[in-house]
Amino acid sequence: MNARSTAEVLRRRSLAVVDQLSYVPVSRLTLNLMLNVLVSQPWLLAGLRPAADRLIAGTSRAVPGVRVKLVSAPVRGEWIWAPEAQDAAAAAGVVLVLHGSGYLICSARTHRGFASYLSEYSGMPTFAIDYRLAPEHPFPAAEDDALAAYRWLLSQGHDPANIVVAGDSAGGHLAVALALRLRSEGQPLPAALALFGPLIDPSYRACIADPRVRSQPLDPRTAKRAVALYVGDHDPQDPRLNLLNADLSNVPPIQIHYGSREVMRADAEAFAAHVIESGGRCDEQMWPGLMHGYWLWPRDGGLTSLQVAGHFLRTAILEANTG
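A quick note: this is a predicted structure, and the numbers were derived from the prediction, not measured. Note on numbering: residues in each chain are counted from 1, in written sequence order. In keeping with the model being predicted, local features are shown solely for residues with a pLDDT of at least 70 and side-chain atom pairs are shown and tallied solely at 80 or more, while totals for entire chains, interfaces and linings include all residues. Note that the side-chain values use all heavy atoms of the structure and ignore hydrogens as well as water.

1. Notes on the overall build of the chain
Right, so step 1: Helix and strand definitions here come from DSSP, where helices need a minimum of 4 consecutive H or I residues and strands a minimum of 2 consecutive E residues; each element is numbered from the N-terminal end. The secondary structure content of the chain amounts to 10 helices and eight strands.
Right, so step 2: Burial status follows relative accessibility: with a 1.4 Å probe on protein chains alone, a residue under 20% of its type maximum counts as buried, one over 50% as exposed, and anything between as partly exposed. Counting across all 323 residues of the chain, residues that qualify as buried make up 52%.
Right, so step 3: Between two residues, a contact is recorded if the distance between any of their heavy atoms is within 4.5 Å. Of the contacts made within the chain by residues no fewer than 6 positions apart, 78% connect residues no fewer than 24 positions apart.
Right, so step 4: Surface exposure here means Shrake-Rupley accessible area, sampled with a 1.4 Å probe, where a residue is shielded only by the protein chains that are shown. Of the roughly 13700 Å² of accessible surface on the chain, a fraction of 58% belongs to carbon and sulfur atoms.

Quick look at the structure:
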């Protein structure tokens, strides 16, 4: 076994240990105490962002052979071409990637691995953006930046029918918010949205009441406090923030992925039902045993989830161009 294979085996075993430890009550307590301290001290949160970026980026592996191109103006982010997206046929579409982490931390760099898998499995390049973060930049700063990125892709010659959007956690919330903003402004919508463990309701009411959260490593009460830094002085029940209160008619086709141990599972289920009740299309994908964030360190079922999402995004573009 060579050094690279040995390192990958150790990495997979380490992730398996983390999974097991997340079931231990003391681990859950420790994690949430740390998060509560960070949320109560925004200056500390801002100071630790670079270290958090390095840690996540260093452990979330990209697909081997990716090509990366940084963009600094007029929007900030990075293009990713996985090997499967580096031929001429891939130019037909693009995946706009909106990263998560409560609107508080992370970046295109931390989600390079996530974006690279979506590129590999969709056969298209991805463009992951860096949007402004809370609490320095509360709602609707991130939404404004996502809109600017989408408009920039249009200005670069990408047809809306050839653009799909993927987002995880807060990025999933942002993906839906972007589609709703485009619709309200009468602008062309992307061909589809792929959401991973998305934030749906900043008040976390259903999630806090859900008895299944007892087996989750993240306490929804802590998550609520964190997201409140982005909500700021706005009403968390505003339809632009609580997507369960939004008019979801005429939104693009959606595929929503979450694990059985997802802290926001109750909201994901309610959101999928809301889309369908509104006359839309929402393909629900629940992955047994997986918890929030599995897509950043994918293996086994997590890899299958990303494969399914990649196929969905590619198919959505084909359907948009043949329909």
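Read on, since the account is not over.
2. A word on the confidence of the model for the chain
Right, so step 1: Confidence per residue, as judged by the predictor, is encoded in pLDDT with a range of 0 to 100. Confidence along the chain averages 90 in pLDDT terms, with 88% of residues attaining 70 or more.
Right, so step 2: Of the regions scoring below 50 in pLDDT, residues 20–24 engages in six contacts with residues more than four places distant in sequence or in other chains.

3. As for the nonpolar core
Right, so step 1: Throughout this description, the term nonpolar core refers to a set of buried Ala, Val, Leu, Ile, Met, Phe, Trp, Tyr and Cys residues connected via side-chain atoms within 4.5 Å. Judged by nonpolar contacts, the single largest core of 93 residues is most densely connected at Leu-96, Phe-127, Val-164, Phe-196 and Phe-271.
Right, so step 2: Per element, the largest residue contribution to this core is eight residues, and it comes from helix α6 (residues 170–184).
Right, so step 3: Aside from chain neighbours lying at most four places away, what touches Val-164 is Val-94, Val-95, Leu-96, Met-124, Pro-190, Ala-191, Ala-192, Leu-313, Ala-316 and Ile-317.

4. Looking at helix α3 (residues 42–59)
Right, so step 1: With 18 residues, α3 ought to run about 26 Å at 1.5 Å a step, and its terminal C-alpha atoms sit 25 Å apart, in line with that.
Right, so step 2: At Arg-49, α3 shows its maximal kink, close to 40 degrees; a proline, Pro-50, follows between one and four residues later.
Right, so step 3: Buried within α3 are the following residues: Leu-45, Arg-49, Asp-53 and Ile-56. Helix span is expected to be 1.5 Å times the residue number reduced by one. Take the seven residues that end at a residue and the seven that start at it, fit an axis to each, and the angle between those axes is the bend at that residue.

5. A look at the packing of aromatic side chains
Right, so step 1: The criterion for an aromatic pair is that two Phe, Tyr or Trp rings (for Trp, the six-membered ring) have centres within 6.5 Å, with stacked assigned to planes under 30 degrees apart, edge-to-face to planes over 60 apart and tilted to the rest. Scanning the entire structure with this criterion turns up 11 aromatic pairs.
Right, so step 2: Ring centres 5.1 Å apart and planes at 40 degrees place the aromatic pair Phe-127 and Trp-152 in the tilted group. Pair noted here: Phe-127 is in strand β4 (residues 126–129) and Trp-152 is in helix α5 (residues 141–155), with a separation of 25 residues, a long-range link. Each member of the pair, Phe-127 as well as Trp-152, carries the same accessibility label: buried.
Right, so step 3: Through a chain of ring-to-ring contacts, the aromatic side chains of Trp-79, Trp-81, Phe-127 and Trp-152 assemble into a single cluster.

6. Some details on unusual backbone geometry
Right, so step 1: Across the junction of Ala-73 and Pro-74, the peptide omega takes the value 0 degrees, indicating a cis bond.
Right, so step 2: Take Pro-74: it is sitting in the loop between β1 (67–71) and β2 (77–81).
Right, so step 3: Here the bond from Phe-139 into Pro-140 is cis, since omega is 5 degrees, no more than 30 degrees from zero.
Right, so step 4: Relative to the helices and strands, Pro-140 resides in the loop between β4 and α5.
Right, so step 5: If you check the backbone angles, Tyr-204 has positive phi at about 55 degrees while not being a glycine.
Right, so step 6: In this model, Asn-250 sits at a positive phi of 60 degrees, which is unusual for a non-glycine residue.
Right, so step 7: Among the secondary structure elements, Asn-250 is positioned in the loop between α8 (220–231) and β7 (254–261).

7. Side note on the pairing of strand β8 (residues 282–291)
Right, so step 1: When β7 meets β8, the two strands line up parallel, connected through seven bridges. Note that in β8 the partner of Tyr-258 across the bridge is Met-286.
Right, so step 2: Viewed with both strands pointing away, a crossover whose connecting path from the first strand over the helix to the second turns clockwise is right-handed. Note that the unit made of β7, helix α9 (residues 265–277) and β8 has a crossover that is right-handed. Pairing between strands requires that DSSP locate at least two bridges from one strand to the other.

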